[in-house]
Amino acid sequence: MAVIAIGIGLFVFLFTGAFISEVVLHNKDAGVFPGLVLGIWAAWPFFHHARIQRSNLLHPAPKEYRVPPKVAFSMIRDLLAEVSYNFGDRWHVSTADTQAGRIAANLRFTNEQVRMEADARGHIHTRKERLQRFIGLDVHVKDTASGTTVIQLDFNPKVEGANFFACDSIISALSAEIESALGAGSPVGTPADTKLSAPPWWLLVLSALALLGLCGDVIKAVFQ
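Residues numbered from 1 in each chain as written. Predicted model: local features only at pLDDT ≥ 70, side-chain atom pairs only at ≥ 80, totals over all residues. Heavy atoms only, no water.

Novice: Would you mind going over helix α4 (residues 168–182) in detail, with residue names and values included?
Specialist: Across its 15 residues, α4 extends 21 Å between first and last C-alpha, which sits within 8% of the 21 Å expected from 1.5 Å per residue. Every buried residue belonging to α4 is among Asp168, Ile170, Ile171, Leu174, Ile178 and Leu182, and all of these are buried. Down the axis, α4 shows its buried residues gathered within 165° of arc, on one side only. Across α4 from its buried face, at more than 90 degrees, point the exposed residues Ser169 and Ser180. A positive backbone phi angle near 90° is found at Gly183, which sits one or two residues after α4. (Helix = DSSP H or I, 4+ residues; strand = E, 2+ residues; numbered from the N terminus. Expected span 1.5 Å × (residues − 1). Buried < 20%, exposed > 50% of the residue type's maximum accessible area, 1.4 Å probe, protein only. Arc of directions from axis to C-beta.)

Novice: Residues and numbers for the packing of helix α2 (residues 32–58) against α4, please.
Specialist: The interhelical angle for the contact between α2 and α4, taken along N-to-C directions, is 50°, at an axis separation of 10 Å. Relative to α4, the element α2 is oriented oblique. Judged by residue contacts, Arg54, Leu57 and Leu58 of α2 engage Asp168, Ile171 and Ser172 from α4. (Axes fitted to C-alpha atoms, helices over the stretch in contact; angles between N-to-C directions. Parallel < 35°, antiparallel > 145°, perpendicular 65-115°, else oblique. Contact = heavy atoms within 4.5 Å.)

Novice: For the packing of aromatic side chains, give the residues involved together with the corresponding values.
Specialist: Within this structure, the stated rule accounts for 1 aromatic pair. The interplanar angle of 85° and the centroid separation of 6.1 Å between the aromatic rings of Trp41 and Trp44 together place this pair among those described as edge-to-face. Within this pair, Trp41 and its partner Trp44 are both found in helix α2, separated by 3 residues, close to a single helical turn. Looking at Trp41, the relative accessible area reads 30%, which means it is partly exposed. Note on Trp44: relative accessible area 16%, which makes it buried. (Phe/Tyr/Trp six-rings, centres within 6.5 Å; stacked < 30°, edge-to-face > 60°.)

Novice: Give me the lowdown on the pattern of salt bridges, citing residues and values where you can.
Specialist: According to the stated counting rule, one finds 3 salt bridges in the structure shown. Measuring nitrogen to oxygen at the nearest pair gives 3.5 Å for the salt bridge that ties Glu179 to Lys63. Of this pair, Glu179 sits in helix α4 while Lys63 sits in strand β1 (residues 63–65), and the two are 116 residues apart along the sequence. Across the salt bridge formed by Arg102 and Asp138, the nearest N and O atoms sit 2.9 Å from each other. Of the two residues, Arg102 sits in strand β5 (residues 102–118) while Asp138 sits in strand β6 (residues 124–143), which places them 36 residues apart along the sequence. Judged by its relative accessible area of 30%, Arg102 is partly exposed. The class for Asp138 is partly exposed, based on a relative accessible area of 24%. (Salt bridge = Lys/Arg side-chain N within 4 Å of Asp/Glu carboxyl O.)

What follows is the structure in structure tokens.
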């Protein structure tokens, strides 16, 4: 979704900027700022949707499972101890407090990535680099006093490099594995709504500045 937002925003920026500069005002600089603002407007709904989707991935709504709390706690702890990635990267469980119903765990691993760079002569070369990844996980197991259990998952990923979504596949897979182990759960909360909210104030300010600048350029073009 973020890639789509960038693509749409860039297209709108280039198209509207060129149209205003070359067709409307015949001033090569006049369309740059208005085109940039319109590009942001075009990309903003997609960025908003991507941000909410990611928030729901990292902090999903709690679910209720028809499993006793002690059983659910044990199953999640065992799952974290058994699952592995790559060539043996495993979750490290730092806290498993049965009284508080809390499990804290973390996973550290590295990804190999190919990087392209130019030398002094302008030739393109590739080199491999290893980038660190980290995922922190908090699991809260709550007794409903009716024999069922409410599970809340909270993930906190950190990555080296520009690939901010490098841990998302592992997070999605672990959430699915927990769901499979405990059985289908019933949401007891609602995920964050992807419905568009009011635009941010800074975007409104940029829009007003772009409109004022465009009006000034139009007046100059008319009276030249």
